[in-house]
Amino acid sequence: MLKTDKIWMNGELVDWDDARIHVASHGLHYGSGVFEGIRCYETPRGPAIFRLREHLERFEDSARILYMDLPFGRDELRAATHELVARNGLASCYLRPMAFYGYGELSVGAQGNPVDVVILSFPWGAYLGEEGQRTGITTKISSWERIGPNVIPHAAKATGVYLNSLLATTEARRAGYDEAIMLNAEGYVADGPGENIFVVRDGRISTPPLSMSILPGITRDTIIQIAQDLGFVVEEALLIRTDLYVADEVFLCGTATEVAPVRAVDDRELGVGPVTRELQKAYLAAVNGIDERWSHWLDVVDAVHAPA
Ligand code: PPE
């Protein structure tokens, strides 16, 4: 990863190399953390953080699900995020707030462990590559099931959840595919390891419902709103793997990934279709502040200071 000047840690800006934790920290041993992935884009009005409020709301929801009391409120975290972006002097970046049970007792219950909160900001290109965004990615249905709602609540963006994603991603990449697609225990399409999924057939757009125990993606919500605004019918639907094989178009989306066309699923070629292209273009216009209709989603950072 590309190192930047400062990291926000428990209320202070510390040098990147000094942002350390103890090896006995609870979060390291048990994956007991919650996090967010947010992007700041260079817009005509300056650096703007996309849907920051919604990301911070989800951060609070995630903590609540894990019985975690965040020591900083939403307004403080918003101010901290702005301060960090300005201080690191980045016009565009990826932001990674994380809260985790810290150093204290070492037992699963996390009783009395402090909650540490950090925010990282660093430049991060398209998660599945620029090439992937242009020409589409290849995918493989994972042999790993997506965790169910009574296994680990995936509505929480919790660090431990990502072991399930790591297994799926690694399996897919080792087999030569760009990304995995995950089904739940009943065989319904859930999501990608770090993305939500959409399917297009006969001009209709479908996506799995949140009751599939998927992350309530902010990009997913953005795409639904943009697509409806463009006149598309969008429905939440239970999808099975063959719905992907016979789809006209499939795409993955998320903050890191943005919109990535899926050009093949389990070696069935789909190519990259016009609906995906249109939505990808509209999404990038919204986040980059080019389409003014969505400017209420941009939280403009007031001042960008060069690092001292
Ligand atoms: N599902 C999963 C499992 C997921 O991790 C993400 C985001 C999404 C859906 C899309 O959510 P949203 O960003 O709100 O649209 N994944 C983040 C981290 C990826 C990573 O590998 O790290 C992200 O995109 O920032």
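Bear in mind the structure is a predicted one, so any value in this text is a computation, not a measurement. (Residues numbered from 1 in each chain as written. Predicted model: local features only at pLDDT ≥ 70, side-chain atom pairs only at ≥ 80, totals over all residues. Heavy atoms only, no water.)

## Describing the overall build of the protein
Moving on, step 1. Within the protein, the secondary structure is distributed over eight helices and 17 strands.
Moving on, step 2. Relative to the 2.2 N^0.38 estimate, which gives 19 Å for 308 residues, the radius of gyration of the protein is 19 Å and therefore close to what a compact globule would have.
Moving on, step 3. Across the 308 residues that make up the protein, the buried fraction comes to 55%.
Moving on, step 4. Long-range contacts, defined here as pairs at least 24 residues apart, represent 71% of the contacts in the protein between residues at least 6 apart.
Moving on, step 5. Total accessible area on the protein stands at roughly 13900 Å², and carbon and sulfur atoms take up 51% of it. (Helix = DSSP H or I, 4+ residues; strand = E, 2+ residues; numbered from the N terminus. Rg over C-alpha atoms; globule rule 2.2 N^0.38 Å. Buried < 20%, exposed > 50% of the residue type's maximum accessible area, 1.4 Å probe, protein only. Contact = heavy atoms within 4.5 Å. Areas by Shrake-Rupley, 256 points an atom, 1.4 Å probe, with all protein chains shown as cover.)

## Quick word on the site of the ligand
Moving on, step 1. The full set close to the ligand counts 21 residues, and Arg58, Tyr94, Tyr162, Thr219 and Thr255 are the nearest of them.
Moving on, step 2. When isolated, the ligand has an accessible area of 550 Å², and the protein chains bury 94% of it.
Moving on, step 3. Only β6 (93-101) and α6 (218-229) provide two or more residues apiece to the shell around the ligand.
Moving on, step 4. A domain-level breakdown of the shell around the ligand finds at least three residues from each of domain 1 (6-124) and domain 2 (130-291). (Near = heavy atom within 4 Å. Domains from an automatic or database assignment.)

## Observations regarding the domain arrangement of the protein
Moving on, step 1. On domain assignment, one finds that the protein holds domain 1 (6-124) and domain 2 (130-291).
Moving on, step 2. For domain 1 and domain 2, the distance between their C-alpha centroids amounts to 25 Å.
Moving on, step 3. Taken together, the contact between domain 1 and domain 2 spans 24 residues of the former and 23 residues of the latter.
Moving on, step 4. Where domain 1 abuts domain 2, roughly 1900 Å² becomes buried across the two surfaces, and 63% of that area is made up of carbon and sulfur atoms. (Buried area = accessible area lost by both parts, 1.4 Å probe.)

## A closer look at the side chain of Asn196
Moving on, step 1. For Asn196, the location among the structural elements is in strand β11 (residues 196-201).
Moving on, step 2. In this structure Asn196 comes out as buried when scored by relative accessible area, which is 6%.
Moving on, step 3. A distance of 3.3 Å separates a polar side-chain atom of Asn196 from the backbone oxygen of Leu215.
Moving on, step 4. When residues no more than four places from it in sequence are discounted, the contact partners of Asn196 are Asp191, Ile214, Leu215, Gly217, Arg220, Phe251, Leu252 and Cys253. (Polar contact = N/O pair within 3.5 Å; in protein donor to acceptor, adjacent residues only side chain to side chain.)

## Some words on the pattern of salt bridges
Moving on, step 1. Taken as a whole and judged by the stated rule, the model has 20 salt bridges.
Moving on, step 2. Among the salt bridges present, the one from Glu57 reaches Arg53, with a minimum N-O distance of 3.0 Å. Of this pair, Glu57 and Arg53 both sit in helix α2 (residues 52-65), four residues apart, roughly one helical turn.
Moving on, step 3. Where Glu131 meets Arg134, a salt bridge forms, and the shortest distance between an N and an O atom there is 3.0 Å. Taken together, the residues span about one helical turn, with Glu131 and Arg134 both in helix α4 (residues 130-135) at a distance of three residues. (Salt bridge = Lys/Arg side-chain N within 4 Å of Asp/Glu carboxyl O.)

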